[in-house]
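# Structural overview
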Amino acid sequence: SLPFVIIAIDGGAASGKSSTARALSERFNLLHVDTGSFYRAITAELVRRGIAPENLDALRAALAALALGTRVEGRAARMEIAGRTVDPAEIRSPAVNAAVSHFAAVPDVRAALLAYQRGQAGVARGHGFRGLVMEGRDIGSVIFPDADFRFFLHADPEERARRRALEGQQDSIAERDRLDTQRKTAPLAIPPGATAIDSTHLTLAQVVEKISVLVAVKIPPLPPAAA
Ligand code: CDP
Ligand code: CDP
Ligand code: CDP
């Protein structure tokens, strides 16, 4: 039988992680796991409850009671909190954009998500996927350091700001990158051994092709009609 394949993709804001991971999930029939959406869902929940990242006692109590689950929609993993997925518009709201990196810098928040993220391998197996493609900031360094493939996407800050603005989003990506790079726990960094790809002057299709050529050595892509 074919091996179960884990692909890790890390990179800064708007470097192309989500669109690349989604395309790979379709081409190779992998579960697509956007861990940024997990940090965003938890942030939305904590903001709604009026809990600040500095309020460690309240934060710890809330994290312990989150009752996280996963719903698979198509090839995407969606986080459930107490049985409900968080509204996709809410996780991309300006309030969550502004707060998420502050919560993500708190070690307790990262610890609460560690086992949940590794457990996505079991979710993928249970749903019959051939593997998973997980994207974030610390996937190749902390979550799956032994992943079959680890990629790190770069793009110039101006190009990334342009991409995010084209999406019509109010999002200070330079500030999030600063916070994500400078935090003590699991900072955004290219892990040793990862394959760096600069997508500044590449289209999405070109990035997907570069990665697919490597992955196809391990598992064949789906025929285009099934993808
Ligand atoms: O909007 P963008 O796709 O650039 O970001 P995201 O992937 O949705 O992640 C939102 C925020 O979650 C990041 O800026 C990080 O602060 C945090 N994050 C993290 O700390 N570790 C991860 N593995 C994924 C996201
Ligand atoms: O997940 P992340 O924030 O890293 O990036 P994304 O949401 O996949 O990509 C941000 C935007 O850049 C999307 O609108 C993509 O279509 C676009 N993009 C691009 O123009 N060129 C690429 N090589 C990759 C993504
Ligand atoms: O129990 P199951 O194999 O389904 O899941 P797991 O123990 O969470 O590990 C799934 C995969 O994650 C393993 O095949 C390892 O390759 C990878 N893994 C990793 O790369 N680094 C870790 N620290 C833990 C697991």
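As the structure is a computational prediction, the values presented were derived from the model and not from experiment.

Quick look at the nonpolar core now. One broad trend across soluble globular proteins is that nonpolar side chains are buried collectively. Ranked by internal contacts, the top residues of the largest apolar core, which has 32 residues, are Ile7, Ala8, Leu24, Leu132 and Phe151. Looking at this core, the elements that each hand over two or more residues are β1 (5–11), α1 (17–28), β2 (31–34), β6 (131–136), α8 (139–143), β7 (149–154) and α11 (204–215). Residues contacting leucine 132, with those up to four places away along its chain left out, are Ile6, Leu30, Leu31, Val33, Gln120, Ala121 and Ala124. Listed in part, the 17 residues of the second largest apolar core include Ala41, Leu59, Leu63 and Val86.

The subject of this paragraph is the site of ligand 2. Around ligand 2 lies a shell of 15 residues, among which Gly16, Lys17, Ser18, Ser19 and Arg163 are the nearest. Listing elements by their share of the shell around ligand 2, those giving two or more residues are α1 and α11. Looking at the shell around ligand 2 residue by residue, the class counts come to five nonpolar, seven polar and three charged.

Another point: the UniProt feature "binding site: ATP" (unreviewed entry) in the chain. With numbering aligned to this structure, UniProt lists the feature "binding site: ATP" (unreviewed entry) at Gly11, Gly12, Ala13, Ala14, Ser15, Gly16, Lys17, Ser18 and Ser19. Assignment of secondary structure puts glycine 11 in strand β1. Setting aside anything within four residues of it in sequence, one finds glycine 11 in contact with Lys17, Phe152, Leu153 and His154. Take alanine 14: it is sitting in the loop between β1 and α1. Judged by the 25 C-beta atoms lying within 10 Å of it, alanine 14 is buried. Excluding its chain neighbours within four sequence positions, the residues that come into contact with alanine 14 are Arg160, Arg163, Arg164 and Ile173.

Parameters and conventions
Residues numbered from 1 in each chain as written. Chains lettered and ligands numbered in written order. Predicted model: local features only at pLDDT ≥ 70, side-chain atom pairs only at ≥ 80, totals over all residues. Core = buried A, V, L, I, M, F, W, Y, C linked by C-beta atoms within 7 Å. Buried ≥ 20, exposed ≤ 12 C-beta atoms within 10 Å, placed from the backbone. Helix = DSSP H or I, 4+ residues; strand = E, 2+ residues; numbered from the N terminus. Contact = placed C-beta atoms within 7 Å. Near = placed C-beta within 6 Å. Nonpolar A, V, L, I, M, F, W, Y, C, P; charged D, E, K, R; others polar. UniProt positions renumbered as here; feature names shortened; annotations may be inferred.

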